[in-house]
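# Coordinates in review
Below are the chains, spelled out letter by letter.
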Amino acid sequence: MNAKSVIALISIFFIQFVMSCCTCDEPVTYKVEYDGITVTPWNTAGFNATKVMDTVYRNAFGLTLSVNFERYKISSLYNNFGLSAALACSCADDEYNYINPIDYAEIYVTNVSTNEQQNVTEYFGAYNYSSELISLAELFSIREEWHDGFQFELIDFDAIPSSAVFTVNVYLESGTKFSEQTQQIKFHD
């Protein structure tokens with residue numbers, strides 16, 4: 001009887017020790033649905049980019065694109081009393097399912113004087129994960145699924161009019177399109 005009591009006590013202390021190694025929250029699975037975009041024009045001159053308020057130089061102009069989304073909890077996994085996480089002493093991450101992911105983006109410029117619109121997607125670049133400037137087509141081909149915020153820099157500015165409105169279109173894999181315009185941007189001549 002003494003041996004059983006000792007084994008029971010050792011087992012209880014062992015379980016408490018194992019369970020005290022890590023404390024993990026339950027991993028949750030979310031469904032992510034995109035529902036719009038926000039576009040912000042930036043003056044990239046200097047050390048800190050600032051939002052364009054009046055005029056900007058063409059060689060110091062960029063756009064920030066944020067794809068808006070809603071996140072819905074679809075499941076929680078129970079923790080098996082903490083033993084699986086405690087034995088490995090690492091916690092499971094939440095999982096995000098992108099039901100209708102981003103496919104690509106296009107940028108158009110409208111000349112305020114003539115009302116002509118032109119696709120200028122190729123005139124913008126973005127930095128990849130190695131800090132190299134690449135085209136938007138390249139960016140969207142290597143983009144991680146979770147990546148839904150982008151900074152585009154105007155790199156070919158000869159054809160950009162002195163007064164312009166930029167329109168950004170984002171397309172999801174299903175063909176759904178979100179569109180947003182900047183305010184009128186005036187460029188120094």
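Let me sum up the structure you'll find in this document. Everything quoted here is computed from the prediction, not taken from an experiment.

Reading the values: rules and limits
- Residues numbered from 1 in each chain as written.
- Predicted model: local features only at pLDDT ≥ 70, side-chain atom pairs only at ≥ 80, totals over all residues.
- Heavy atoms only, no water.
- Salt bridge = Lys/Arg side-chain N within 4 Å of Asp/Glu carboxyl O.
- Buried < 20%, exposed > 50% of the residue type's maximum accessible area, 1.4 Å probe, protein only.
- Phe/Tyr/Trp six-rings, centres within 6.5 Å; stacked < 30°, edge-to-face > 60°.
- Helix = DSSP H or I, 4+ residues; strand = E, 2+ residues; numbered from the N terminus.
- Lys NZ or Arg CZ within 6 Å of the ring centre and 35° of its normal.

For the structure shown, the criterion picks out one salt bridge. Between Glu-33 and Lys-31 there is a salt bridge, with the nearest N and O atoms lying 3.0 Å from each other. Overall, the relative accessible area of 32% leaves Glu-33 in the partly exposed class.

With that settled, consider the packing of aromatic side chains. Going through the model one piece at a time under the given rule, you end up with nine aromatic pairs. Between Tyr-104 and Tyr-171, the ring centres sit 4.7 Å apart and the planes meet at 20°, which makes this aromatic pair stacked. Taken as a pair, Tyr-104 in strand β6 (residues 102–111) and Tyr-171 in strand β11 (residues 163–172) lie far apart in primary sequence, 67 residues in all. Accessibility expressed as a relative area gives 15% for Tyr-171, which makes it buried. Considering the side-chain rings of Phe-150 and Phe-152, the 6.0 Å spacing of their centres and the 15° angle between planes classify their relative orientation as stacked. On the accessibility criterion, Phe-152 (3% relative accessible area) is buried. Here the aromatic cluster, defined as three or more aromatic residues joined through ring pairs, consists of Phe-61, Phe-124, Phe-166 and Phe-187. A cation sits over an aromatic face here: Arg-71 above Tyr-30, 4.3 Å from the ring centre.

Within the fold, Gly-36 resides in strand β1 (residues 28–43). When its relative accessible area of 10% is taken as the criterion, Gly-36 is described as buried. In sequence terms Gly-36 and Phe-69 are 33 residues apart; their C-alpha atoms lie 7.1 Å from each other.

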